[in-house]
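So you can see what is in the structure, the chains are spelled out below.
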Amino acid sequence: MKWAGMYLVGFVIFVGGLLAALWKLGLLDRIGTTWTLIGVVITIGLGIMIAVSNSGNKENIEIERK
């Protein structure tokens, strides 16, 4: 598995743990289901963007012209 995939798996596990902690504290009941889902979607989107931006080598390609 590539590093971007590993990062994304770790990020999803982190978000799951964070949601479990908020649920145990009772904060998710006060926030509501809709706002919780919106926050989860935004957080996973940020994780995907960070994983993609940190993946791969950034190299310059030189083209030889004749």
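Residues numbered from 1 in each chain as written. Predicted model: local features only at pLDDT ≥ 70, side-chain atom pairs only at ≥ 80, totals over all residues. Heavy atoms only, no water.

Enquirer: For the overall build of the chain, give the residues involved together with the corresponding values.
Expert: In terms of regular secondary structure, the chain is built from three helices and zero strands. Radius of gyration (C-alpha) of the chain: 18 Å, far over the 11 Å computed for a compact globule of 66 residues. For the chain, the spread of C-alpha atoms along the principal axes amounts to about 70 × 20 × 10 Å. For the chain, with 66 residues in total, the buried portion stands at 11%. Carbon together with sulfur atoms contributes 67% to the accessible area of the chain, which is approximately 6100 Å² in total. The averaged location of the 4 negative side-chain charges in the chain is 8 Å from the averaged location of its 6 positive side-chain charges. (Helix = DSSP H or I, 4+ residues; strand = E, 2+ residues; numbered from the N terminus. Rg over C-alpha atoms; globule rule 2.2 N^0.38 Å. Buried < 20%, exposed > 50% of the residue type's maximum accessible area, 1.4 Å probe, protein only. Areas by Shrake-Rupley, 256 points an atom, 1.4 Å probe, with all protein chains shown as cover. Lys, Arg positive; Asp, Glu negative; His and termini not counted. Charge placed at Lys NZ, Arg CZ, Asp CG, Glu CD.)

Enquirer: Please give an account of helix H3 (residues 33–53) that cites residues and values.
Expert: Note that an α-helix has 3.6 residues per turn; residues three or four places apart therefore point the same way. End to end, H3 covers 30 Å across 21 residues, agreeing with the expected 30 Å (1.5 Å per residue, within 8%). Along H3, the residues that are buried comprise Thr36, Val40, Gly47 and Ala51. End-on view of H3: buried residues confined to an arc of 40 degrees, all on one side of the axis. Residues of H3 that are exposed and point more than 90 degrees away from the buried face comprise Thr34, Trp35, Val41, Ile42, Met49 and Val52. (Expected span 1.5 Å × (residues − 1). Arc of directions from axis to C-beta.)

Enquirer: Describe the confidence of the model for the chain, listing the residues and the values that go with them.
Expert: Residues with a pLDDT of 70 or more make up 91% of the chain, whose mean pLDDT is 82. At the low end of the mean pLDDT range in the chain sits helix H1 (residues 3–25), at 84; at the high end sits helix H2 (residues 27–31), at 86. (pLDDT = per-residue confidence, 0-100.)

Enquirer: Can you lay out the side chain of Thr36 for me, pointing to particular residues and giving the numbers?
Expert: Relative to the helices and strands, Thr36 resides in helix H3. Here Thr36 falls in the buried class, since its relative accessible area comes to 18%. At a separation of 2.6 Å, a polar atom in the side chain of Thr36 contacts the main-chain carbonyl oxygen of Gly32. When near neighbours in sequence (up to four residues on either side) are disregarded, Thr36 contacts Leu19, Leu28 and Ile31. (Polar contact = N/O pair within 3.5 Å; in protein donor to acceptor, adjacent residues only side chain to side chain. Contact = heavy atoms within 4.5 Å.)

Enquirer: Residues and numbers for the environment of Val40, please.
Expert: Along the chain, Val40 turns up in helix H3. The buried category is assigned to Val40, whose relative accessible area is 18%. Counting along the chain gives 35 residues from Val40 to Gly5, while the straight-line C-alpha distance between them is 18 Å.

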